[in-house]
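As a plain string of letters, each chain reads:
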Amino acid sequence: MEKKLTLADLAKILEQYDVVELEDITIKGEVELELGSSAGLALPPALAQALQSLMGAREMPGAFEAKRIEALLPATFKVAKAEWTGEIEEVTLGATSADGGTRERTVTIGGEKSLPFYNFDAQMPYPPVISVDCFDMPIPLAKAVREYYGDVMEDPGEWAKKNVREFGADMVTIHLISTDPTIKDTPARAAAKTVEEVLQAVKVPIVIGGSGNPDKDPEVLEAAAEAAEGERCLIASANLNMDYERIAKAALKHGHVILSWTQLDINAQKTLNRYLFKLGVPREDIVIDPTTAALGYGLDYAFTNIERMRISALKGDTDLAFPISCGITNAWGAREAWMKDSPGKEDSDWGPAAYRGLMYEIITGLTLGLAGGDMFMMMHPNAASTVKKVTQTLFGAKVKEDKAKKVAIEDWVTWDAEVGASKK
Amino acid sequence: MKLSSPMEIWKYLPGTNCGECGEKTCLAFASHLKERSTRLEECTPLFEDEKYADKGKQLAELLAPEIREIEIGVGARAAKIGGEDVMYRHELTFYNRTALAYDVWDTMEEGELRERVSRITNWRKFYVGEFLTLDAIAVRSVSGDAQTFAACVKAVAEETDLPLVLCSFDAKVLEEGLKVVPDKNPLLYAADKTNWKEVLELVKSYKVPVTLFSPDLDMLNSLALTFSSAGVEDIVLDPGVSPAGEGLADTFSKFVRVRRVGIEEGDKEVAYPLMSVPMTAWMIHGDALDASYWEAVLAAMGIIKYADIMILHSIEPHSLIAERTLVENIYTDPRRPVSVEPGLREVGTPTGHSPLFLTTNFALTYYTVESDLNSNKIDSYLIVVDSEGIGVEAAVAGEQLTAERIKETLESYEAENKVEHKTLVIPGLAARLSGETEDVTSWNVLVGPRDSGRIPGWMDDNWPPK
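Please read all numbers here as calculations on a predicted model, not as lab measurements.

Undergrad: Would you take a moment to explain the overall build of chain A for this structure?
TA: A count of helical and extended segments in chain A gives 12 helices and 12 strands. Across the 424 residues in chain A, those meeting the buried criterion constitute 56%. Taking the intrachain contacts of chain A between residues at least 6 apart in sequence as the baseline, contacts between residues at least 24 apart amount to 69%. Carbon and sulfur atoms provide 49% of the accessible area of chain A, an area that totals close to 18,500 Å².

Next up, the structure:
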């Protein structure tokens, strides 16, 4: 080492790194440093680097290392817990006979005091739930989905039943899309009948969705809310572009929860929620839908929008501290989810569309679950069961047979791919 | 980075407003440094003028990202990983996207091996104006034989310019592999509590980046401290991926907590890029399709929560498309504008008889439609409506795309002077607007397909209009 280091220099550096004492270092005379060769020697890397640059040592590795490290340097991994001040509202959907409804069970979401699945900060109180979609008329579906629902598309009650019995749905969403004036213009009264049918067909809590037509939905959802009196359904949805007041009042009057829907806009979500508070909607009757965009089609915006809302809520913004519902079925709008081949001539082969669609729905669901989603409206039974499985696992639900316990995880290095041939 | 505002950065700059960096003032340059939208090296006086040398050096250290940035591979396809500064992308942006490495193994028959390497190397998919590609190839020693591994690495290196990850827990096997590609800067996988001394020697003599593996975080920390104290800084940490059950919940927690310590607590001992190995999914699934879905689930967790590089097995299209697209979504700079300029664009060489398509100014929608027209060689006009950066379906629902706004757009870009047929093709997802648009614009309105990928087929049936 050509450049000498004065004690004053050294003291200054040590102070900068909060080092009080250096073990295994002998200071000889004024300026020479000698590093001891005992096994435990370690300078914090940042300190070593600073000393080194001060002394003009050019070569990065080696200058301050012990001659040969004979044993691992001991270390303890320590991490602080994140403390948040806010808490997400707990919302219960469905009402049993004890509460004036006819549901056999209820579903509770929300109540988080930490980011999703951060059980090391605070245990998540309820796992996310999955509501499987059905519609009040046959609709065009991707082939991969149609094969599951082809036999029940004419009958919303049967469709709902299938979602629960065969696909294990926690909840069912009935979308009253035929009420749209540009589709069938089904009258509100007829739509209310469909809701009654679904309520009779299944005993799980339900979501009642309109057609998305801002002019017609208030009337339709009002009639549906009345028909479902006391069942504590989720009414989907109120938004700023329509007469949300009429919908909110109907939900309030007939004992339902309201879905407050905005389009990827935090401020709009706060505004709409405040309007709902003003109308007297209790906090435990609000779920929010900040909008789901599919993988590859704006998922980044949806993810960040939800993550930001959840973080704001945990930091104490009570305007946003509500459970979040995500319309994961939107994933099927991605062309990769259904199109036979790539429309672009220069892409590598896209493979079978059926495999892609399922994948798009799964990844969209899990992504928004990691952002803060509490409830997923889904379409493909296998996507629903996969998202359920992973969210339950991260939530910490006990499993019957933990296959992972039987494998040494580092064995992937020598894993023989021959065993992985598809049986399907 | 350790500095919290442009002002704090500015104090270390020359303050002469010389303009060498391309900015008018040192403060403007400082803002770019804070946003990580320029490089410190652009301030040439800081490095060339002796009197700024100290400040330059200090500033470089203070600006260094919280998570160390390392590079694997060489040449045009070398991959930078790590270099992250935030826990949530909206706080700034995630910086170096998760590198996706797909595996090959040394018991593969050579023809099959070369074919797989070439598929990984050449895979691509068009997305928002560019082609997505894959990032690396992981070569696994299944045979356990050093010579067999070396031969495999050699064949792989001949087929690809992608960075390599050499995988074995046997230092002798790793060394034989390294000897074949000493100048390719491969990432070694891995040193653990048993082989660390031998691997450390290898890393020091070959000067390559190394992965440290331990599911026990104290041990992982200890390995990292040991290697960095030995002067090795190009480190990647693998806390292990347990593919299911309690182990998976624990895996998730480890990735978050290790990154939290590195970024929020500023603890440099573990502030290194993280590796995730979703291919562990294959060890618990008997069926390849099931395994590929579960592998993608593990991959998605890693892409979103802090894996900087990952090793995967399925190279089936459904896996590659979904995994790579998710990386692109999560690592896109959230500060990038959502929208493109509205206007009237030409695709190919349109004439007065070419179709006029309408779309919104949501960047994703615009680039998709434009590329579909281009790639299918459809000479046409594309009129881009200002929908406030919202896609077609949502903009119709939210009334950012209305008949009135379509009318204004047609008028302000003088569409009438471009086409003789006065026919406008609107997206299928905006079908609801067709009647009203005809009424207010007095143009003929045709409803196109719901997805612009189907425009070629739609053209066969509908163009020219009757």
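Undergrad: I tried to follow the overall build of chain B on my own but got confused; where do I start?
TA: When you go through chain B residue by residue, the secondary structure sums to 17 helices and 17 strands. Viewed in the frame of its principal axes, chain B has a C-alpha envelope of about 80 × 65 × 40 Å. Residues counted as buried form 61% of the 466 residues belonging to chain B. The contacts in chain B between residues at least 6 apart in sequence include a share of 64% that link residues at least 24 apart. For chain B, the exposed surface amounts to about 17,300 Å²; the carbon and sulfur share of it is 46%. Positive and negative charge centroids in chain B, built from 47 and 76 side chains respectively, lie 2 Å apart.

Undergrad: Help me out: how do you make sense of the side chain of Thr 437 of chain B in this one?
TA: Tracing the backbone shows Thr 437 of chain B in helix α16 (residues 434–441). Those residues in contact with Thr 437 of chain B that lie beyond four places of it in its chain are Ala 403, Ile 406, Leu 424, Ser 442 and Val 445 of chain B.

Undergrad: Hey, could you run me through the packing of aromatic side chains in this one?
TA: How two aromatic rings sit relative to each other is set out by the distance from centre to centre and by the angle between their planes. Taken as a whole and judged by the stated rule, the model has 19 aromatic pairs over all chains. Ring plane angle 55° and centroid distance 5.9 Å describe the contact between Tyr 301 of chain A and Phe 362 of chain B, whose orientation is recorded as tilted. Of this pair, Tyr 301 of chain A sits in helix α9 (residues 299–314) while Phe 362 of chain B sits in the loop between β14 (356–360) and α13 (363–375), each in a different chain. Residue Phe 362 of chain B is classed as buried on the basis of its relative accessible area of 9%. When the centroid spacing of 5.4 Å and the interplanar angle of 65° are considered together, the rings of Tyr 366 of chain B and Tyr 367 of chain B count as edge-to-face. Of the residues examined, Tyr 366 of chain B reaches a relative accessible area of 8% and is grouped as buried. For Tyr 367 of chain B, a relative accessible area of 31% gives the class partly exposed.

Undergrad: Please explain the packing of α9 of chain A against helix α11 (residues 353–371) of chain A as it appears in this structure.
TA: Helix-helix packing is characterised by the crossing angle of the two axes and by the distance between the axes. Residues and elements named next belong to chain A. Axis separation between α9 and α11 bottoms out at 8 Å; the angle between their running directions is 25°. Between α9 and α11, the angle is such that the two are roughly parallel. The two elements α9 and α11 meet at a crossing, and its hand is right-handed. Side by side, α9 and α11 meet where Leu 299, Ala 302, Phe 303, Ile 306, Glu 307 and Arg 310 of the first sit next to Thr 364, Thr 367, Leu 368, Leu 370 and Ala 371 of the second. Considered class by class, the residues forming the contact of α9 with α11 number seven nonpolar, two polar and two charged.

Undergrad: I keep staring at the confidence of the model for chain B and nothing clicks. Help me out?
TA: When pLDDT drops low, the exact placement of atoms in the prediction is not to be read closely. Model confidence for chain B is summarised by a mean pLDDT of 95, while 100% of its residues fall at 70 or above. Per the prediction output, this complex has pTM 0.88; the corresponding ipTM is 0.89.

Undergrad: Before we go on, may I ask you to explain the interface of chain B and chain A in this structure?
TA: How big an interface is tends to be stated in terms of the accessible area lost upon association of its parts. Residue-level contacts link 110 residues of chain B with 102 residues of chain A. Summed over the shared surface of chain B and chain A, the number is eight salt bridges. One salt bridge in this structure joins Lys 405 of chain A and Glu 246 of chain B, with 3.6 Å as the shortest N-O distance. At the junction of chain B with chain A, the criterion picks out 30 residue pairs in polar contact (both at pLDDT 80 or more). Per-element accounting of the side of chain B that touches chain A gives the leading share, 12 residues, to helix α10 (residues 245–263) of chain B. In the side of chain B that touches chain A, the residues fall into 54 nonpolar, 31 polar and 25 charged.

Undergrad: Please explain a nonpolar patch on the surface as it appears in this structure.
TA: A cluster of nonpolar side chains, Met 7, Trp 10 and Leu 27 of chain B, forms an exposed patch at the surface whose accessible area comes to about 270 Å². Relative to the helices and strands, Trp 10 of chain B resides in helix α1 (residues 6–10).

Undergrad: Would you take a moment to explain the side chain of Glu 84 of chain B for this structure?
TA: Residue and element names in this part refer to chain B. Relative to the helices and strands, Glu 84 is located in the loop between β2 (79–82) and β3 (99–105). Within the structure, Glu 84 has its side chain in polar contact with the backbone nitrogen of Tyr 95 (distance 2.7 Å). Each residue touching Glu 84, except ones within four places of it in the same chain, is listed here: Arg 36, Pro 65, Glu 66, Ile 67, Thr 93, Phe 94, Tyr 95, Asn 96, Arg 259, Ile 263, Asp 308 and Tyr 331.

Undergrad: Would you mind going over helix α4 (residues 53–63) of chain B with me for this structure?
TA: One turn of an α-helix holds 3.6 residues; hence residues three or four places apart share an orientation. All names here are of chain B. Restricting attention to buried positions, one finds in α4 the residues Gly 56, Leu 59 and Leu 63. Along the axis of α4, the buried residues cluster in a sector spanning 65°; they form a single face. Away from its buried face, by an angle of more than 90 degrees, α4 presents the exposed residues Asp 54 and Lys 57. In this structure, the buried side of α4 is in contact with α1, α2 (26–34) and α3 (44–48).

Undergrad: Is there a simple way to think about the pairing of strand β7 (residues 206–209) of chain A in this case?
TA: A regular strand places its side chains on the two faces of the sheet in alternate fashion. Residue and element names in this part refer to chain A. Going residue by residue along β7, you find Ile 206 and Ile 208 tucked away on one face and Val 207 and Gly 209 tucked away on the opposite face as well. Summarising the sheet, strand β6 (residues 171–175) and β7 pair through four bridges and their orientation is parallel. Its bridge partner lying in β7, Ile 174 is registered against Ile 208. The β-α-β motif built from β6, the intervening helix α5 (residues 188–201) and the parallel element β7 has right-handed crossover chirality. Both β7 and strand β8 (residues 234–238) contribute to a ladder of three bridges, which runs parallel. Considered in β8, the bridge of Gly 209 is made with Ala 236.

Undergrad: Help me understand the sheet that holds strand β9 (residues 257–261) of chain A in this model?
TA: As a general point, the strands of a sheet are linked pairwise by backbone hydrogen bonds and lie either parallel or antiparallel. Residue and element names in this part refer to chain A. Across the sheet, which stays open at both edges, the eight strands sit in the order β10-β9-β8-β7-β6-β5-β12-β11 with parallel pairing between neighbours. Every other strand in the sheet has two partners, leaving β10 (286–289) and β11 (325–327) as the edge strands with one partner each. The average angle at which neighbouring strand axes cross in this sheet is 25°, direction not considered. Looking at chain direction, strand β5 (residues 129–135) and β6 are connected through five bridges and run parallel.

Undergrad: When you look at unusual backbone geometry in this model, what are you seeing that I'm missing?
TA: For residues other than glycine, phi is negative in most cases, and the peptide bonds are mostly trans. That bond from Ala 236 of chain A to Ser 237 of chain A is cis: its omega, 0°, falls within 30 degrees of zero. In this fold, Ser 237 of chain A is placed in strand β8. Cis peptide bonds are those with omega within 30 degrees of zero, and the linkage from Tyr 189 of chain B to Ala 190 of chain B qualifies with 0°. Along the chain, Ala 190 of chain B turns up in strand β8 (residues 187–191). Residue Asp 185 of chain A is not a glycine yet carries a positive backbone phi of 55°. Take Asp 185 of chain A: it is sitting in the loop between β6 and α5. Residue Asp 185 of chain A is classed as partly exposed on the basis of its relative accessible area, which comes to 39%.

Undergrad: Sorry if this is basic, but what is going on with the sheet that holds β8 of chain B here?
TA: Residue and element names in this part refer to chain B. On the basis of which strands lie adjacent, the open sheet formed by eight strands has the order β10-β9-β8-β7-β6-β3-β12-β11 and parallel pairing. Strands with a single pairing partner mark the edges of an open sheet, and in this sheet they are β10 (235–238) and β11 (275–276). Across two bridges, β11 lies against strand β12 (residues 309–312) in parallel orientation. Considered in β12, the bridge of Met 275 is made with Ile 309. Packing of helix α5 (residues 110–122) onto the sheet brings it into contact with β3 and β6 (136–140), and relative to β3 it is tilted by some 170°. Against the sheet, helix α8 (residues 196–206) engages β8 and β9 (210–213), with an angle of about 160° to β8.

Undergrad: I would appreciate a short explanation of the pairing of β14 of chain B in the present structure.
TA: All names here are of chain B. Taking burial as the measure, the five residues of β14 include five buried ones, the bulk of the element. Residue alternation in β14 divides its side chains into two sets, Leu 356, Leu 358 and Thr 360 and Phe 357 and Thr 359, and both sets are buried. Bridging between β14 and strand β15 (residues 380–385) involves five bridges; their strand directions are parallel. Paired with Thr 359 across the two strands is Val 384, which belongs to β15. As for the winding sense of the linkage, the β-α-β connection from β14 through α13 to β15 is right-handed.

Definitions and limits used
- Residues numbered from 1 in each chain as written.
- Chains lettered and ligands numbered in written order.
- Predicted model: local features only at pLDDT ≥ 70, side-chain atom pairs only at ≥ 80, totals over all residues.
- Heavy atoms only, no water.
- Helix = DSSP H or I, 4+ residues; strand = E, 2+ residues; numbered from the N terminus.
- Buried < 20%, exposed > 50% of the residue type's maximum accessible area, 1.4 Å probe, protein only.
- Contact = heavy atoms within 4.5 Å.
- Areas by Shrake-Rupley, 256 points an atom, 1.4 Å probe, with all protein chains shown as cover.
- Lys, Arg positive; Asp, Glu negative; His and termini not counted.
- Charge placed at Lys NZ, Arg CZ, Asp CG, Glu CD.
- Phe/Tyr/Trp six-rings, centres within 6.5 Å; stacked < 30°, edge-to-face > 60°.
- Axes fitted to C-alpha atoms, helices over the stretch in contact; angles between N-to-C directions.
- Parallel < 35°, antiparallel > 145°, perpendicular 65-115°, else oblique.
- Left-handed = near helix turned anticlockwise from the far one by under 90°.
- Nonpolar A, V, L, I, M, F, W, Y, C, P; charged D, E, K, R; others polar.
- pLDDT = per-residue confidence, 0-100.
- Salt bridge = Lys/Arg side-chain N within 4 Å of Asp/Glu carboxyl O.
- Polar contact = N/O pair within 3.5 Å; in protein donor to acceptor, adjacent residues only side chain to side chain.
- Patch = residues over 30% accessible without salt bridge, like charges linked within 9 Å, V, L, I, M, F, W, Y side chains within 5 Å.
- Arc of directions from axis to C-beta.
- Pairing = 2+ DSSP bridges.
- Right-handed = clockwise from strand over helix to strand, strands pointing away.

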